[in-house]
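Commentary on secondary and tertiary structure
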Amino acid sequence: QVQLEESGGGLVQAGGSLRLSCAASGHTDSTYAMGWFRQAPGKEREFVAAITWSDGSTYYADSGKGRFTISRDNGKNTVYLQMNSLKPEDTAVYFCAASRFYWSDYSRRSSYESWGQGTQVTVSS
């Protein structure tokens, strides 16, 4: 089992930037990929971005392409989500997730076994 802890959320004005971090601990050697999801009030949890641990392949939802960048630091067992040009519609709780397996689709919540508690991102207009 992998434990995940997110940080870096907060309140920012539209057009601003935030960098989220997710530190993994526990059985991190078995991690194949990590992802970010978000959930706004009254909405389903949705995929934001994912990265494979070995070769750094990245995947993005259309909502974040060109604005969000996912990266990882293998030495620190940490994945980051750099969010630029933030919009009010980006307001949500952002969750980090880890997968031990290869999947053809990391945008599915079912591809991940471990989840963090989430960090709130609020973008004011």
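Above this text sits the structure in question.
Residues numbered from 1 in each chain as written. Predicted model: local features only at pLDDT ≥ 70, side-chain atom pairs only at ≥ 80, totals over all residues. Heavy atoms only, no water.

Some points on the overall build of the protein
- In terms of regular secondary structure, the protein is built from zero helices and eleven strands.
- Beginning at the N terminus, the succession of helices and strands in the protein can be written as β-β-β-β-β-β-β-β-β-β-β.
- What you see for the protein is a C-alpha radius of gyration of 13 Å, in line with the 14 Å of a compact globule of 125 residues.
- With respect to the three principal axes, the spread of C-alpha positions in the protein is 40 × 25 × 25 Å.
- Counting across all 125 residues of the protein, residues that qualify as buried make up 42%. (Helix = DSSP H or I, 4+ residues; strand = E, 2+ residues; numbered from the N terminus. Rg over C-alpha atoms; globule rule 2.2 N^0.38 Å. Buried < 20%, exposed > 50% of the residue type's maximum accessible area, 1.4 Å probe, protein only.)

Comments concerning the state of the cysteines
- Tallied over the full model, the rule gives one disulfide.
- Covalently, Cys 22 is tied to Cys 96 through a disulfide, its sulfur atoms 2.0 Å apart. Across the S-S bond linking Cys 22 and Cys 96, the dihedral sits near -80 degrees, which makes this disulfide left-handed. Of the two residues, Cys 22 sits in strand β3 (residues 18–26) while Cys 96 sits in strand β9 (residues 92–99), which places them 74 residues apart along the sequence. (Disulfide = S-S within 2.5 Å.)

Section: the nonpolar core
- Counting residues in each nonpolar core, the largest one holds 26 residues, and the members touching the most others are Leu 4, Met 34, Trp 36, Val 79, Leu 81, Met 83 and Tyr 94.
- Those elements giving two or more residues to this core turn out to be β1 (2–7), β3, β4 (33–39), β5 (46–52), β7 (68–73), β8 (78–83), β9 and β11 (119–124).
- With eight residues, the next largest nonpolar core counts Ala 33, Ala 61, Ala 97 and Tyr 106 among its residues. (Core = buried A, V, L, I, M, F, W, Y, C linked by side-chain atoms within 4.5 Å.)

A word on unusual backbone geometry
- Within the chain, Asn 77 stands out as a residue other than glycine whose phi angle is a positive 50 degrees.
- Structurally, Asn 77 can be placed in the loop between β7 and β8.

Overview of the pairing of β11
- Taking every second residue as pointing to the same face, the buried face of β11 carries Thr 119, Val 121 and Val 123, while none of Gln 120, Thr 122 and Ser 124 on the other face is buried.
- Pairing geometry for strand β2 (residues 10–13) and β11, over four bridges, is parallel. Bridging from a neighbouring strand, Val 12 pairs with Val 123 of β11. (Pairing = 2+ DSSP bridges.)

Some remarks on the sheet that holds β3
- The antiparallel open sheet is built from four strands, whose spatial order is β1-β3-β8-β7. Either end of the sheet is taken by a strand with one partner, and the two such strands are β1 and β7. This sheet shows a mean twist of 20 degrees between the axes of neighbouring strands, independent of strand direction. (Axes fitted to C-alpha atoms, helices over the stretch in contact; angles between N-to-C directions.)

Read these as geometric descriptors, not functional statements.
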